[in-house]
Amino acid sequence: MSHDCASCPDHECDLLVIGAGPAGLAAAINAASEGLRVIVLERSHDVGGQASTSSRIENYLGFPTGLTGAELAEASHEQAVRFGADIHLGSEVIDLRCEGDHHRAMCANGKTYTCTTILVTAGVTYRRLEVPGADSLIGRGVFYGASPTQVSEYAGKRVFVVGGANSAGQAALFLAQHGARVDVLTRSPLVKSMSTYLLDRLVKAEQDITVHTGARVAAVHGTKAHGIDHVTVADEAAVITHEAAALFVFIGAEPRTDWAPTLAKDAKGFILTGPDAVDAVPYPEHTPLYLETSEPGVFAAGDIRSGSVKRVSAAAGEGAMAVQFIHRYLEAHPAKEASHA
């Protein structure tokens, strides 16, 4: 059952999953269905991670017409709970310690979790648009992600989408299909970062979509009371202020890994695994498994892992695959298995 863990006692488990996005939920489903006691910690009060804000996921296996990120999150959550995974919402991990045979994760709400293995699937957070006016209008016309519940109110209105990867393309199409007039701002040609199928649809779209290459947002205008009303756009030719009803930002993301200081990371803060991890910190016990970090028994999967493919299906695949390596670790360390009391 999912719940706010503020009222829960301390817990022990075989596998502690940190993050309830696609990678974490896929791991929880596979591990719980195979008999491991699984606890999932999610810092927000909703599951699904960044993927849950996607307006449409069209290249996910088994869904030929696509599905929203929210639909995928809800179905995955239900499946994980049905197999017995214990999902604790509102549980932000602030410290991770390896103490003898077990690992301990401490949350901001004061709870401590003791586990045999850990899988870090905390994902990434949207990179903020650092221009005048943007921060003060978040939720008042400036959005990171595009929820299906937002799009209907922009029919017939002009909106701007910032970014050149798949998430930006999906949002632009979704907004246009619901009647918005969409301007896409991208610094580089879309062909460099957007999947071919999506780029083709964007170029051939019958809806009102205009792509501006080599353009960026210079400022956002509006008030907290009334929301956004204008966006200033700069390109090589000019700086022009346009009327705008909303601004949807998709300019990449970055990991939040400061709570795990002992895990080796790359220059951008993504967690190193497998051969990359052992190159960074010599292993005291064994050669690291493919998704194992610089701490034996601690694994990482999905967007937070260095070198991962930043796609929903890839994250889910890594989460499922990690469970097999976790089984191998537990089999090699039988004395470390947690009690199933």
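Reference entry: report on the structure contained in this document.

Cut-offs used in this document
- Residues numbered from 1 in each chain as written.
- Predicted model: local features only at pLDDT ≥ 70, side-chain atom pairs only at ≥ 80, totals over all residues.
- Heavy atoms only, no water.
- Pairing = 2+ DSSP bridges.
- Helix = DSSP H or I, 4+ residues; strand = E, 2+ residues; numbered from the N terminus.
- Axes fitted to C-alpha atoms, helices over the stretch in contact; angles between N-to-C directions.
- Salt bridge = Lys/Arg side-chain N within 4 Å of Asp/Glu carboxyl O.
- Buried < 20%, exposed > 50% of the residue type's maximum accessible area, 1.4 Å probe, protein only.
- Core = buried A, V, L, I, M, F, W, Y, C linked by side-chain atoms within 4.5 Å.
- Contact = heavy atoms within 4.5 Å.
- Expected span 1.5 Å × (residues − 1).
- 1 Å grid on protein atoms, 1.4 Å probe; cavity = no way out; pocket = protein on both sides within 12 Å on 5 of 7 lines; lining within 4 Å.
- Points joined across faces, edges and corners; volume = space filled by probe spheres on them.
- Nonpolar A, V, L, I, M, F, W, Y, C, P; charged D, E, K, R; others polar.
- Phe/Tyr/Trp six-rings, centres within 6.5 Å; stacked < 30°, edge-to-face > 60°.
- Lys NZ or Arg CZ within 6 Å of the ring centre and 35° of its normal.
- Left-handed = near helix turned anticlockwise from the far one by under 90°.
- Disulfide = S-S within 2.5 Å.
- Right-handed = clockwise from strand over helix to strand, strands pointing away.

1. Overview of the sheet that holds strand 14 (residues 227–234)
(1) Moving on: With respect to topology, three strands assemble into an open sheet ordered 13-14-15, the strand pairing being antiparallel. Every other strand in the sheet has two partners, leaving strand 13 (216–223) and strand 15 (239–243) as the edge strands with one partner each. Strand-to-strand twist in this sheet, taken as the mean axis angle between neighbours without regard to direction, amounts to 25°.

2. Some thoughts on the pattern of salt bridges
(1) Moving on: Within this structure, the stated rule accounts for seven salt bridges.
(2) Moving on: A salt bridge links D95 to R97; the shortest N-O distance between them is 2.8 Å.
(3) Moving on: Since its relative accessible area comes to 14%, D95 is described here as buried.
(4) Moving on: One salt bridge connects D183 with R158, and the closest N-O pair in it is separated by 2.8 Å. Separated by 25 residues along the polypeptide, D183 in strand 11 (residues 181–186) and R158 in strand 10 (residues 158–162) bring together distant segments of the chain.
(5) Moving on: By relative accessible area, R158 is classed as partly exposed at 23%.

3. Considerations on the nonpolar core
(1) Moving on: Counting residues in each nonpolar core, the largest one holds 44 residues, and the members touching the most others are V161, V182, V217, V220, L247 and F248.
(2) Moving on: Listed by contribution, the elements that provide at least two residues to this core are strand 9 (142–144), strand 10, helix 4 (166–177), strand 11, helix 5 (196–204), strand 13, strand 14 and strand 16 (246–249).
(3) Moving on: Of all the elements, helix 4 adds the most residues to this core, at seven residues.
(4) Moving on: Sequence-distant contacts of V182, that is, excluding residues within four places in its chain, are made with V159, V161, A172, L175, A176, D208, I209 and T210.
(5) Moving on: Grouped together as the second largest cluster of nonpolar side chains are 29 residues, A27, A28, I29 and L330 included.

4. Focus: helix 1 (residues 22–33)
(1) Moving on: For helix 1, built from twelve residues, the straight-helix expectation of 16 Å at 1.5 Å per residue is met to within 8% by its first-to-last C-alpha distance of 16 Å.
(2) Moving on: For helix 1, the tally of buried residues reaches nine of twelve residues, placing the bulk of the element in the interior.
(3) Moving on: For helix 1, the set of buried residues is A23, G24, L25, A26, A27, A28, I29, A31 and A32.
(4) Moving on: Phi turns positive, to about 95°, at G35, one or two residues after helix 1.

5. Quick word on the layout of surface pockets
(1) Moving on: A volume near 270 Å³ is recorded for the second largest pocket.
(2) Moving on: Lining the second largest pocket are 18 residues, and of these V162, G163, T186, R187 and I251 sit closest to its centre.
(3) Moving on: Here the residues of the lining of the second largest pocket are counted per class, giving eight nonpolar, five polar and five charged.

6. Thoughts on the packing of aromatic side chains
(1) Moving on: Taken as a whole and judged by the stated rule, the model has seven aromatic pairs.
(2) Moving on: Judged by centre distance (6.4 Å) and plane angle (35°), the ring pair of Y126 and Y144 falls under tilted. Of this pair, Y126 sits in strand 8 (residues 124–126) while Y144 is found in strand 9, placing the two residues 18 residues apart along the sequence.
(3) Moving on: When its relative accessible area of 18% is taken as the criterion, Y126 is described as buried.
(4) Moving on: Each residue in the set Y126, Y144 and F250 is aromatic and connected to the rest through ring pairs, giving one cluster.
(5) Moving on: Between the NZ or CZ atom of R82 and the centre of the ring of F83, over which it lies, the distance is 4.9 Å.

7. Some details on the packing of helix 1 against helix 7 (residues 312–332)
(1) Moving on: Orientation of helix 1 relative to helix 7, taken along the N-to-C sense of each, is 35°, at an axis distance of 7 Å. Along this stretch, helix 1 crosses helix 7, giving a crossing that reads as right-handed. Between helix 1, through P22, A23, A26, A27, N30 and A31, and helix 7, the contact on the second element is made entirely by V312, A315, A316, G319, A320 and V323.

8. Section: the state of the cysteines
(1) Moving on: With the rule as written, the count across this model stands at zero disulfides.
(2) Moving on: Here C98 is not cross-linked by a disulfide; its sulfur's nearest cysteine counterpart is in C115, at 8.6 Å.
(3) Moving on: Taking the relative accessible area as the measure of exposure, C98 reaches 32% and is therefore partly exposed.
(4) Moving on: Unpaired in this structure, C115 has its nearest cysteine sulfur neighbour in C13, at a distance of 5.0 Å.

9. Observations concerning the pairing of strand 4 (residues 86–89)
It is a general feature of regular strands that their side chains alternate between the two faces of the sheet.
(1) Moving on: On strand 4, burial covers both faces: D86 and H88 on one face and I87 and L89 on the other are all buried.
(2) Moving on: Alignment of strand 3 (residues 38–42) against strand 4, held across four bridges, turns out to be parallel. From the neighbouring strand, L41 faces strand 4, where its bridge partner is H88.
(3) Moving on: For the crossover that starts at strand 3, traverses helix 2 (residues 69–82) and ends in the parallel strand 4, the hand is right-handed.

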